[in-house]
Amino acid sequence: MFKGISIEQFNKSFRTEDDCRQYLFDMKWQQGYKCRDCGSVKSYKGKTQFHLRCQYCGYDESVTANTIFHKLKIPLLKAFGMAFRIAVRKKGMSTVELSREFSINQKSAWLFKRKAQEAMKSSGQYLLEGNVEVDELMIGGPEEDKRGRTKGDKKLVVVAVEKISKEHMGRGYAQIIEDASAASLKPFFDKHIDSDNAKVRTDVWRGYWPLENEFEIKQKPSKGGKSFPELHILIMNLKGWLRGIHHHCSDKFMNGYLDEFFFRFNRRGFLNSIWHKLIERFMINKPYNHKAFAT
Ligand SMILES: [Zn+2]
C-alpha cells in the first residue's frame, strides 16, 4: 500500500492504469471476496485480471464497479493524482487548479472535485466527545447580526471542535444551517456530538438552551472569540480558505467544501495515510449520481 505525502514516491508507485487498478483490487478484495448478487465467497478470475467472477452465479464484477470510480471519464492515473493533491495539499485544489495541472476540462475537474467532496463527507461514526466547543459563523457577508436568517449569498455555518488541552484541538465538523435556532442546531448536534460523553461549551446564545435537555452545555460570554481562542483561530482559517475558493455557491455545494475542510483537518496528524483513506472512501461510496448534483 502506498504511504506518504511525497509526490516523487507517488509518481513512482503509479505509472500506469494497471498500477492503479492493482491498488484498487487489493483494497477491494484483499480481505476477501463476497458476491454482490448471491453472497457466495468463492470466485475466480473474471473478464480481465481486474475482474472477479462468482463461482456460484457467474456475476462478473470489475474492480471499479459499485464505487465512485465507476465509469469515470478520466483515466485512473489522473484521478489518483487529483485525489492525491486534494488530500495532501494543505489547501486542497480548486477546480481551476485541477483542470490546469491535469489537462482536463473544467467541467470534468468540477465533477471530480464534487465526487471527492462526497467521499470526504463524515461517516457519522465518530462523534465528538470530551470538551467540545461550538459556535456559528457567517460566511459571504459581514459579521453583524450573525444570528439572523441567512440572506442572499450570506450563509450561517455551525462549527464544533474538540478541545483536548490548551492550544490543542481534536476533531471537528461544520455544516450550513438555516438559522441559529435550536431547531436548526439540533440535527447538527445529534449527528456529530456524543450526548453521553461530551461537555459542550458555547457562548450565551439562547438557541442552545433547549438542547440542554439532551446535552451537557455550559455557556460563557464569547468576548469576541477571546473566550474560545482555538475555536476562533479555526474559524478564521476556515473563513480564509472558503474566501479563496468561491463567491457564489449553493448550500448543497457549500456543505461539500465544509466536508472537505474537516476531512483534512481531522487527519492533519495522519498525513501519511490521508490519501489512502480518501481512495478507500471512493471505493466504499456508491457510484456518484450525476443528476443529483446538476447545477
Ligand atoms: Zn454470485
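Residues numbered from 1 in each chain as written. Predicted model: local features only at pLDDT ≥ 70, side-chain atom pairs only at ≥ 80, totals over all residues. Heavy atoms only, no water.

## With respect to the overall build of the protein chain
Line of reasoning, step 1. The helix and strand tally for the protein chain stands at 9 helices and 8 strands.
Line of reasoning, step 2. The C-alpha radius of gyration computed for the protein chain amounts to 21 Å, which stays within 12% of the reference 19 Å derived for 295 residues, consistent with globular compactness.
Line of reasoning, step 3. Accessible surface computed for the protein chain: about 15600 Å², of which carbon and sulfur atoms make up 50%.
Line of reasoning, step 4. Placing the 52 positive and 35 negative side-chain charges of the protein chain at their respective mean positions leaves the two points 5 Å apart. (Helix = DSSP H or I, 4+ residues; strand = E, 2+ residues; numbered from the N terminus. Rg over C-alpha atoms; globule rule 2.2 N^0.38 Å. Areas by Shrake-Rupley, 256 points an atom, 1.4 Å probe, with all protein chains shown as cover. Lys, Arg positive; Asp, Glu negative; His and termini not counted. Charge placed at Lys NZ, Arg CZ, Asp CG, Glu CD.)

## A closer look at the coordination of the zinc ion
Line of reasoning, step 1. The coordination sphere of the zinc ion, as far as protein atoms go, consists of Cys35 (SG), Cys38 (SG), Cys54 (SG) and Cys57 (SG), spread over 2.2 to 2.4 Å.
Line of reasoning, step 2. Sequence spacing of the donor residues for the zinc ion, all on one chain, is C-x2-C-x15-C-x2-C. Within this pair, whereas Cys38 is found in the loop between helix H2 (17–29) and strand S1 (43–45), its partner Cys57 is found in the loop between strand S2 (51–54) and strand S3 (60–62), the two being separated by 19 residues in sequence.
Line of reasoning, step 3. Exposure remark for Cys38: the relative accessible area of 36% places this residue in the partly exposed category.
Line of reasoning, step 4. Under the relative-accessibility criterion, Cys57 is labelled partly exposed at 38%. (Donors = N, O, S within 2.8 Å, 3.2 Å for Na, K, Ca; no water. Buried < 20%, exposed > 50% of the residue type's maximum accessible area, 1.4 Å probe, protein only.)

## Quick word on the confidence of the model for the protein chain
Line of reasoning, step 1. Per-residue confidence for the protein chain gives a mean pLDDT of 89, with 90% of residues at or over 70.
Line of reasoning, step 2. When the elements of the protein chain are averaged for pLDDT, helix H8 (residues 251–265) gives the smallest value, 90, and S2 the largest, 97. (pLDDT = per-residue confidence, 0-100.)

## Focus: the pairing of strand S4 (residues 128–139)
Line of reasoning, step 1. The buried fraction of S4 is high, at 9 of 12 residues.
Line of reasoning, step 2. Where S4 lies against strand S7 (residues 193–202), 5 bridges are found, and the strand directions are parallel. Counterpart to Glu133 in the pairing with S7 is Arg201.
Line of reasoning, step 3. Bridge count between S4 and strand S5 (residues 155–165): 8 bridges; the pairing is antiparallel. Bridging across to S5, Met138 finds its partner in Leu156. (Pairing = 2+ DSSP bridges.)

## A closer look at the nonpolar core
Line of reasoning, step 1. Residues Phe69, Phe80, Phe112, Trp275 and Ile279 are the most contacted members of the largest nonpolar core, which totals 44 residues.
Line of reasoning, step 2. Residue assignment for this core shows that the elements contributing at least two residues are H2, S2, helix H3 (76–88), helix H5 (106–119) and helix H9 (271–284).
Line of reasoning, step 3. Counting residues per element, this core draws most heavily on H3, at 9 residues. (Core = buried A, V, L, I, M, F, W, Y, C linked by side-chain atoms within 4.5 Å.)

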